[in-house]
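Commentary on secondary and tertiary structure
Chain by chain, the residues run as shown.
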Amino acid sequence: MTTEVRDRRAPGTPCWASLMAHRADRTREFYAALFGWEFSPGPPQLGSYTLAAKGGLRVAGIGEGSPEPHRPVSWTTMLAADDVDAAAERVRECGGTVGIGPLNAGEDGRLAIAVDPSGAVFGIWQGGLFSGADVTGVPGSVGWSELLTHDASMVGKFYEVVFGLTVERAGGQDEDRAVLVTGGNAVAGIRGLGRALPRDRGAHWMTSFAVADVDAAAHLAVRLGGRILTAPHAGPHGPTAALSDPEGSPFSLVGLP
């Protein structure tokens with residue numbers, strides 16, 4: 001985790017977290033109370049999309065998706081790319097699909113929403129005037145992004161080819177865990193859960209938000225209408241807990257060292 005964010009991200013680096021809610025107004029209220037976020041309008045091309053900021057620094061985005069009542073809601077990890085069109089083509093060549101775009105978000109950038117071969121949804125962002133989050137690794141910002149899937153090594157090869165990342169094994173002998181590396185830095189994780197992967201979600205990217213106190217933040221989330229999925233416990237990056245917001249979107253908390 002780091003607090004320094006450069007204007008240009010290396011390809012494959014998580015650069016933004018985005019949520020398309022059923023009721024964006026209520027969802028904003030939940031995260032504002034939990035993390036102290038303040039909101040401002042996003043690119044007009046994205047409709048009611050808003051940018052969440054902490055201390056004046058942009059950290060994530062929340063919009064309102066299609067009104068389908070049974071549409072699952074989840075945070076989408078956006079991965080940086082120098083050329084979103086070329087990355088989208090590599091997604092298709094490597095067995096993934098592109099569901100949205102590539103399309104322009106005004107002068108802010110160009111994006112696509114894709115699905116990897118394991119079924120996990122992710123975004124591709126080519127920054128223009130907006131390169132992504134202003135800060136990471138501080139309370140109320142994204143602390144870590146991890147792909148939860150069936151087999152870490154198998155899907156890791158997909159991200160290697162699409163973004164030019166390196167996959168390195170992590171964890172103990174009994175763990176199917178890897179990290180995505182660029183420029184010598186681990187930028188995201190992959191965890192293979194095998195049959196333990198939740199059937200209702202399938203493979204998915206999990207966004208972890210940094211907090212000063214995981215226990216306190218988890219209990220606050222419950223009081224605000226959220227739910228604890230995995231109780232606070234020790235994790236590879238510090239204390240952690242898995243939760244869902246009032247609309248059922250899963251996210252994690254990770255404690256700062």
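For the structure itself, consult the block above.
As a further point, take unusual backbone geometry. Backbone torsion omega between G101 and P102 reads 5 degrees, so that peptide bond is classified as cis. Inspection of the secondary structure assignment puts P102 in strand β6 (residues 97-104).

With that out of the way, let us pick up the sheet that holds strand β11 (residues 177-182). In spatial order, the strands read β10-β11-β12-β9-β13-β16-β15-β14; together these eight strands make up an open sheet with mixed pairing. The open sheet has two edge strands, β10 (166-170) and β14 (227-235), and neither has a second partner. Along the sheet, successive strands turn relative to each other by an average axial angle of 30 degrees, direction set aside. In the sheet, β11 pairs with strand β12 (residues 185-192) via six bridges, with the strands oriented antiparallel. If you follow T182 over to β12, its bridge partner there is N185.

As a further point, take helix α2 (residues 84-93). For α2, the full list of buried residues reads V84, A87, A88 and V91. Seen end-on, α2 carries its buried residues on one side only, within an arc spanning 100 degrees. Residues of α2 that are buried make contact with β6, β7 (109-115), β8 (121-127) and α3 (152-163). Measuring from the backbone nitrogen of D85 back to the side-chain oxygen at the start of α2 gives 3.1 Å, which picks out D83 as the cap. Of the residues trailing α2, G95 is marked for its positive phi of about 95 degrees.

Joining two cysteines, a disulfide is a covalent bond between their sulfur atoms. Tallying each qualifying case throughout the model produces zero disulfides. No disulfide involves C15; its sulfur sits 20 Å from that of C94, the nearest cysteine.

The packing of two helices is summarised by the inter-axis angle and the distance between the axes. Here α2 crosses α3 at 145 degrees, and the two axes come no closer than 9 Å. In the packing of α2 onto α3, the handedness of the crossing is right-handed. Contacts from A87, R90 and V91 of α2 reach α3 at F158, V161 and V162. Looking at the contact of α2 with α3, its residues break down into five nonpolar, no polar and one charged.

Let us now look at the sheet that holds β6. In spatial order, the strands read β2-β3-β4-β1-β5-β8-β7-β6; together these eight strands make up an open sheet with mixed pairing. Both outer strands of the open sheet, β2 (38-41) and β6, are each paired with one neighbouring strand and no more. Direction aside, the axes of adjacent strands within the sheet are offset by 30 degrees on average. The pairing of strand β1 (residues 14-21) with strand β5 (residues 75-80) spans five bridges and is antiparallel. If you follow L19 over to β5, its bridge partner there is W75.

Within the secondary structure, L147 sits in strand β9 (residues 142-149). A relative accessible area of 0% means that L147 is categorised as buried. Taking the C-alpha atoms as reference, L147 lies 23 Å from A212; in sequence the two are 65 residues apart. Those residues in contact with L147, other than ones at most four positions away along the chain, are D116, A120, V155, Y159, G189, I190, R191, H204 and W205.

Attention now goes to the environment of S244. Take S244: it is sitting in strand β15 (residues 238-244). Of the residues examined, S244 reaches a relative accessible area of 4% and is grouped as buried. Sequence separation between S244 and I124 is 120 residues; the distance between their C-alpha atoms is 24 Å. What S244 contacts, discounting residues up to four positions off in sequence, is G226, R227, L229, S249, P250 and F251.

What counts, and where the lines are drawn
- Residues numbered from 1 in each chain as written.
- Predicted model: local features only at pLDDT ≥ 70, side-chain atom pairs only at ≥ 80, totals over all residues.
- Heavy atoms only, no water.
- Helix = DSSP H or I, 4+ residues; strand = E, 2+ residues; numbered from the N terminus.
- Pairing = 2+ DSSP bridges.
- Axes fitted to C-alpha atoms, helices over the stretch in contact; angles between N-to-C directions.
- Buried < 20%, exposed > 50% of the residue type's maximum accessible area, 1.4 Å probe, protein only.
- Arc of directions from axis to C-beta.
- Contact = heavy atoms within 4.5 Å.
- Polar contact = N/O pair within 3.5 Å; in protein donor to acceptor, adjacent residues only side chain to side chain.
- Disulfide = S-S within 2.5 Å.
- Left-handed = near helix turned anticlockwise from the far one by under 90°.
- Nonpolar A, V, L, I, M, F, W, Y, C, P; charged D, E, K, R; others polar.

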